[in-house]
Amino acid sequence: MKYVLVTGGVVSGLGKGVTASSIGVVLKACGLRVTSIKIDPYLNTDAGTMSPFEHGEVFVLDDGGEVDLDLGNYERFLDVKLTRDHNITTGKIYQAVINKERRGDYLGKTVQVVPHITDAIQEWIERVAKIPVDGKEGAPDVCVIELGGTIGDIESMPFIEALGQFSYRFGPGNFCLIHVSLVPVLDVVGEQKTKPTQHSVRGLRGQGLTPHILACRSTTALDENVKEKLSQFCQVPAANIITLYDVPNIWHIPLLLRDQKAHEAILKVLNLHSTTKGPVLKEWTSRAEICDKLHEPVRIAMVGKYTGLSDSYLSVSKALLHASVACRKKLIVDWVPSSNLEDGTKNENPDAYKAAWKLLKGADGILVPGGFGDRGVEGKILAAKYAREQRIPFLGICLGMQIAVIEFARSVLGLKDANSTEFDPNTKQPCVIFMPEGSKTHMGGTMRLGSRRTHFQVMDCKSAKLYGNQRYIDERHRHRYEVNPEMVADLENAGLSFTGKDETGQRMEIIELPNHPYYIGVQFHPEFKSRPGRPSALFLGLIAAACGKLDSVLQGHDSREKLHCETGNHLPTKKDYQYGHATKPAAILPNAAIYSFGNKHDAVKEIWKKLLELQQICSDMAVPVEAQGEILYSIESQLETAVTIFQTGTTALQNAKKLQKIFIAIIILQLIVAVIVVGYLKK
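Residues numbered from 1 in each chain as written. Predicted model: local features only at pLDDT ≥ 70, side-chain atom pairs only at ≥ 80, totals over all residues. Heavy atoms only, no water.

Turning our attention to the packing of helix H7 (residues 195-206) against helix H8 (residues 224-234). Contact geometry for H7 and H8: axes closest at 10 Å, N-to-C directions at 25 degrees. Taken together, the axis directions place H7 and H8 in an arrangement best described as roughly parallel. Crossing angle aside, the handedness with which H7 passes H8 is right-handed. In this structure, H7 contributes Thr197, Gln198, Val201 and Arg205 to the contact, and H8 contributes Lys229, Leu230, Phe233 and Cys234. Here the contact of H7 with H8 is composed, by residue class, of four nonpolar, two polar and two charged. (Axes fitted to C-alpha atoms, helices over the stretch in contact; angles between N-to-C directions. Helix = DSSP H or I, 4+ residues; strand = E, 2+ residues; numbered from the N terminus. Parallel < 35°, antiparallel > 145°, perpendicular 65-115°, else oblique. Left-handed = near helix turned anticlockwise from the far one by under 90°. Contact = heavy atoms within 4.5 Å. Nonpolar A, V, L, I, M, F, W, Y, C, P; charged D, E, K, R; others polar.)

Right under this line is the structure:
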């Protein structure tokens, strides 16, 4: 096992999480299996009880872990599934050590920070690093560890001591330290200043850790003389000093690392240079360039409580971005504080009231995310009412679904006092109630958390079609309250459709208004499983509806169902065949999302059959795994090209010409496959 530690200096908020994720992407593109660990030095056991204003969103994992938002970056960038143990906190470590002490595991010894706490940290890292997170068997090759906070923080000192011991134990060739620091540019003189980074590295070395690589955040690329100065005073080779300058979108960061040969520096430190290939980042390059070139806007009004800090809704923002790029639209998010929509604000601050309603009325779609507490709830209800009455595409998540039910009960059923017991414990018409299994005395980790199954009650609905006409889906949850099952019949009779329920049929998971262009509410959080190039189905539906493409998207999903897509919540992703990690060939499916075939899908189906025939030939002729990897990767690339061509076609003549090009490409591909197969058979 190899380890890459990412630390930060000078100031917080430099983007260590994105940097660590991007390092993982580049190493994965070199053919390595990568996992990630985030260390948060705070005393909380987890992030579950922390305010979004203070710490950003709480990211939820499949196993129900409430963790730091950086684990969301790791999952999105690396396309992996992490566990709660991949987020280490001081609270978890101390709790584990104290539990051992109470059991008598230390045999009467005096329990101290060194060695007991530091040993516990190292044991935790070693244990968790071996957990496979990519769906394959066996331990990963590299573990990227991010140490939260900045060098010099008192609370992180036990972790720095433990990591110093850790690097000594594993020795050279197994541990690489990357220090992310700030090189500011003063407006007065316009000069890049190295002194903050020098002091940061000096502090890091003073605590027993020496960086192998410097990743310098700055507004522009570092001048060569600045690199030389940093190299001299920080004792880091100039070739190992990387500039992470400002870019249009974060998908450029892995490309920046690749272009500056960061992977070569890391692989050299880890003694992996001879066992890996150069990074293949075609998808990332394409995605970053496409995002930069988008110009047709789609405006989404985000109506929430924590709009003052965008990180409070980070996963929601990323899911919207994934969907908008898939629809080839430039995303514009209008942050609407829900309390500013309420009548109270109209009297107290009329300017804020007018501004909020102007944003709401100018939006192409409305999204109400999750949240807790009664502040701003009436504003969210007003937003849901506006979307319903004005037929504006609407997506409500968690609390967003609950307020949509409350609004419907008030406006359509005429239950003026309808409410949630969270906001009014004494309401006479409780549309939303506290879950029976919930705890009212303990807050942390007592909600309905993690991946839960939702069964579709009807298949002829937008949500089922967006999920590829599956009978059920698995999505992540985080809530204490639920729709009152005793009111479901009345709500359904009035026109609100509960299209998704849990396995018992008593817990409502998805609501829809059948006669509305797009009005969906979900109790779960689909944003947590959205990925670049593989957007969440419901976010894709919202963006598509907001820009008038929903019908074509739904047709595209129907076509995918006919093309024998594998079962799962999202579009399947490309496996890592080309580097010999696969043990057997799998069905080839498009990595790029196929959103709209319309009446063209029959031609695509023929291409699909042809490519599967090529794959079967490889399997029947017992071609070695590594050769199959090269073949499968080539086949998948051709199908991606076919999909892209069909997406951009506008006339029958254009499609005919482009289809001809596809078949020519397939003929060439057959020749390539034949050469590869014959070559391996000769061996």
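As a further point, take the pattern of salt bridges. Considering all chains together, one arrives at 31 salt bridges under this definition. For Asp68, the salt bridge is made with Lys38, and the minimal N-O distance between the two is 3.0 Å. With a gap of 30 residues between them, Asp68 in the loop between strand S4 (66-67) and helix H3 (70-78) and Lys38 in strand S2 (residues 34-40) connect regions that are remote in the sequence. In terms of burial, Asp68 and Lys38 fall into one category: buried. When the shortest N-O distance is used, the salt bridge between Glu482 and Arg507 registers 2.5 Å. (Salt bridge = Lys/Arg side-chain N within 4 Å of Asp/Glu carboxyl O. Buried < 20%, exposed > 50% of the residue type's maximum accessible area, 1.4 Å probe, protein only.)

The next point concerns the sheet that holds strand S6 (residues 142-147). Each strand in a sheet pairs with its neighbour through backbone hydrogen bonds, running either in the same direction (parallel) or in the opposite one (antiparallel). With parallel pairing, seven strands are arranged side by side in an open sheet as S5-S2-S6-S1-S7-S8-S9. The open sheet has two edge strands, strand S5 (87-89) and strand S9 (241-245), and neither has a second partner. On average, each strand axis in the sheet is inclined to that of its neighbour by 20 degrees, with strand direction left out of account. Two elements, strand S1 (residues 2-8) and strand S7 (residues 175-182), share six bridges in a ladder whose sense is parallel. The residue of S7 that forms the bridge with Tyr3 is Phe175. Where helix H5 (residues 113-129) meets the sheet, its contacts fall on S1, S2, S5 and S6, and the angle it forms with S2 comes to roughly 150 degrees. Contacting strand S8 (213-218) and S9, H8 crosses the sheet at an angle of about 130 degrees to S9. (Pairing = 2+ DSSP bridges.)

The next thing to look at is the nonpolar core. Counting residues in each nonpolar core, the largest one holds 92 residues, and the members touching the most others are Val4, Leu320 and Leu367. If you look at the next biggest cluster of nonpolar residues, it comprises 43 residues, including Leu399, Met401, Leu496 and Leu513. (Core = buried A, V, L, I, M, F, W, Y, C linked by side-chain atoms within 4.5 Å.)

What follows deals with a nonpolar patch on the surface. Together, Tyr94, Ile98, Val113 and Val114 make up an exposed nonpolar region whose accessible area comes to about 310 Å². For the nonpolar patch, the secondary structure elements donating two or more residues are helix H4 (90-103) and H5. Position of Tyr94 relative to the elements: it lies in helix H4. Since its relative accessible area comes to 31%, Tyr94 is described here as partly exposed. (Patch = residues over 30% accessible without salt bridge, like charges linked within 9 Å, V, L, I, M, F, W, Y side chains within 5 Å. Areas by Shrake-Rupley, 256 points an atom, 1.4 Å probe, with all protein chains shown as cover.)

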